[in-house]
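# Structural overview for review
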Amino acid sequence: MLAYDPAAPLRAERPEPVARGRWCWPALLPGVAMVLDAGWPLRPDGELLWLDVAAILCLGWALVGSRRAPPTDWATSMDGNIAAGFVLALLHVIRADGDAEPMRWLHQIASSGACFYALAARLRRDPLAADAIWPSFAFAVLALSTFTLACATRGIEAIGHASRLVDVRWASQAGLAKTLLLATVLCAGRAMEPGARALWRVTALVGALSLVLASLPTGVGLRIGSLASLDEPFYFGTSIVAFMFLAGLARMAWTLARERPAEAHRWRAASLVFALVVVLLLFGGTTGGEGVRALTALAAAAAIAGSRTAQAAPGLRVVREPEATTARAA
């Protein structure tokens, strides 16, 4: 079995979930896409992203086939906040009158949002929704850590140069360190679960080491002066909507930790990640870039899908055999 195989034995009411017996490849696509955009962008100007390709494929997966998501499964409890945030971002682009940066932010938000809706809709009734999405966080940690550690062999200046290159391609500031921070926390939560494989712990440790190295040149881009940006009306309005959206997701993830005790640690980690994104917005501005937006969309899709599963089957308790036992049986 694969190291991150989400198919550990499960007792649940719904037979043959989407994620059973294999990795859920569409859930891997946003993580793969953001790494490709950092290292091998489709276009240097950022007008076409690998994340756009991931969004199209995720939408196709959710809309086509015998198990496609029905129209009623596309609605979420966060739709009002998402619509308000998108409208404010669009107005910011119009007000910027040709400034490329707000347009790139809107572009990333739209593609990340498409992935979010497609994955949340298709996985909403699947008790293994979280297992379908978590391997994407592991991939992000391992890929970005490999990149960071390779640069570290040439010294701290090489890490700084590589981080600035990623920032240009992601439209971010210290985006590499911020993305490693969020992905490492998510993998650490998964590693703390009973019976988790050792490779999850190794992934979290490698991510933590890479985070320290990536932070050495410029830190994680947090400045107290960023609070002054709240005086700008569009930024203030967008921040309030984003805070409400993230607070709702953090509360949802914390509730899932009680409703799904076998997955409690990963949902607490997700709740912490949503809170960290709020901190990054307050003290880093809208500088997380594509990495932070893609990871936040993936974690949000996991929370929405997990919450919907719990609502559809209130008595559902996901119970897994320890993964080590599963590996021996395989």
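All values reported here derive from a predicted model rather than from experimental measurement.

Helix and strand counts for the protein chain come out as 12 helices and 2 strands. For the protein chain, the share of sequence-separated contacts (at least 6 apart) that also reach a separation of at least 24 residues comes to 82%.

On inspection of all chains with the given rule, the structure shows 7 salt bridges. A salt bridge links aspartate 73 to arginine 124; its shortest N-O distance comes to 2.8 Å. Of this pair, aspartate 73 sits in the loop between α2 (50-63) and α3 (79-96) while arginine 124 is found in the loop between α4 (100-123) and α5 (129-152), placing the two residues 51 residues apart along the sequence. A salt bridge links arginine 260 to glutamate 263; its shortest N-O distance comes to 2.8 Å. Accessibility assignment for this pair places arginine 260 and glutamate 263 in one class, buried. Bridged by salt links that share partners, the residues Asp131, Arg190, Glu193 and Arg266 form one connected network.

Overall, the coordinates contain 3 aromatic pairs when judged by the stated rule. Geometrically, the ring pair formed by tryptophan 134 and phenylalanine 137 is edge-to-face, given 5.2 Å between the ring centres and 90 degrees between the ring planes. In this pair, tryptophan 134 and phenylalanine 137 both sit in helix α5, 3 residues apart, roughly one turn of the helix. Residue tryptophan 134 shares its accessibility class with phenylalanine 137, and that shared class is buried. Ring pairs connect the aromatic residues Trp134, Phe137 and Trp267, which therefore count as one cluster. Here arginine 266 stacks its cationic end above the ring of tryptophan 134, 5.4 Å away from the centre of that ring.

What follows deals with the confidence of the model for the protein chain. Here the protein chain averages 84 in pLDDT, while 85% of its residues score no lower than 70. Contacts of residues 312-321 to residues separated by more than four positions or lying in other chains number 28 contacts, the stretch itself having pLDDT below 50. Taken together, the stretch residues 324-330 has pLDDT below 50 and engages in 7 contacts with residues farther than four places along the chain or on a different chain.

Reading the values: the criteria
- Residues numbered from 1 in each chain as written.
- Predicted model: local features only at pLDDT ≥ 70, side-chain atom pairs only at ≥ 80, totals over all residues.
- Heavy atoms only, no water.
- Helix = DSSP H or I, 4+ residues; strand = E, 2+ residues; numbered from the N terminus.
- Contact = heavy atoms within 4.5 Å.
- Salt bridge = Lys/Arg side-chain N within 4 Å of Asp/Glu carboxyl O.
- Buried < 20%, exposed > 50% of the residue type's maximum accessible area, 1.4 Å probe, protein only.
- Phe/Tyr/Trp six-rings, centres within 6.5 Å; stacked < 30°, edge-to-face > 60°.
- Lys NZ or Arg CZ within 6 Å of the ring centre and 35° of its normal.
- pLDDT = per-residue confidence, 0-100.

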